[in-house]
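The primary structure of each chain is shown beneath.
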Amino acid sequence: MTSKVDEALGYEQARDELIEVVRRLEAGGTTLEESLALWERGEELAKVCRRWLEGARARLDAALAEEAAAEEAEAERE
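Only a predicted model underlies this, so the values are computations on that prediction, with no experimental measurement involved.

**Student:** Go over the overall build of the protein chain, please, and point to the residues and values.
**Tutor:** Counting secondary structure elements, the protein chain contains three helices and zero strands. Secondary structure of the protein chain in N-to-C order comes out as α-α-α. Taken over the C-alpha trace, the protein chain has a radius of gyration of 20 Å; the compact-globule value for 78 residues is 12 Å, which it surpasses by more than 25%. Overall, the C-alpha framework of the protein chain stretches about 70 × 25 × 15 Å when taken along its three principal axes. Looking at the protein chain as a whole, 15% of its 78 residues qualify as buried. The long-range fraction of contacts in the protein chain, counting pairs at least 24 apart against all pairs at least 6 apart in sequence, stands at 75%. Accessible area for the protein chain stands at about 6200 Å²; split by element, carbon and sulfur atoms hold 57% of it.

As structure tokens, this is what we get:
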């Protein structure tokens, strides 16, 4: 479950933290417990990023649909 703090993260913040988590995991040298905690944090950050991207896609789709409807209405008036 995503925390309220995670929900307040912007896309760039979540992405940058996710990059750092991946870097630390790839570097190794952490205990199993630390690695699991990093992995769990990475999963949460990925969810935050996914929600931002899905929201952006929905806004783009809505804007494109609105534009298409306006063009169709304009064509019908001509």
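**Student:** For the pattern of salt bridges, give the residues involved together with the corresponding values.
**Tutor:** With the rule as written, the count across this model stands at six salt bridges. The salt bridge involving glutamate 44 is made with lysine 47; its shortest N-O contact spans 3.6 Å. Here glutamate 44 pairs with lysine 47, and both are found in helix H3 (residues 32-77), just three residues apart, close to one helical turn. You can call glutamate 44 buried: its relative accessible area is 15%.

**Student:** Can you break down the nonpolar core residue by residue, with the values?
**Tutor:** One finds Leu9, Ala14, Val21, Leu38, Leu45, Val48 and Cys49 forming the largest nonpolar core, which totals seven residues. Elements with a contribution of two residues or more to this core: helix H2 (11-27) and H3. Counting residues per element, this core draws most heavily on H3, at four residues. Sequence-distant contacts of valine 21, that is, excluding residues within four places in its chain, are made with Leu38, Arg41, Gly42 and Leu45.

**Student:** Please set out the environment of alanine 62 residue by residue, giving values where relevant.
**Tutor:** With respect to the helices and strands, alanine 62 occurs in helix H3. For alanine 62, a relative accessible area of 45% corresponds to the partly exposed category. Sequence separation between alanine 62 and glutamate 26 is 36 residues; the distance between their C-alpha atoms is 39 Å.

Thresholds, definitions, all that
- Residues numbered from 1 in each chain as written.
- Predicted model: local features only at pLDDT ≥ 70, side-chain atom pairs only at ≥ 80, totals over all residues.
- Heavy atoms only, no water.
- Helix = DSSP H or I, 4+ residues; strand = E, 2+ residues; numbered from the N terminus.
- Rg over C-alpha atoms; globule rule 2.2 N^0.38 Å.
- Buried < 20%, exposed > 50% of the residue type's maximum accessible area, 1.4 Å probe, protein only.
- Contact = heavy atoms within 4.5 Å.
- Areas by Shrake-Rupley, 256 points an atom, 1.4 Å probe, with all protein chains shown as cover.
- Salt bridge = Lys/Arg side-chain N within 4 Å of Asp/Glu carboxyl O.
- Core = buried A, V, L, I, M, F, W, Y, C linked by side-chain atoms within 4.5 Å.

In short, shape yes, function no, at least from these values alone.
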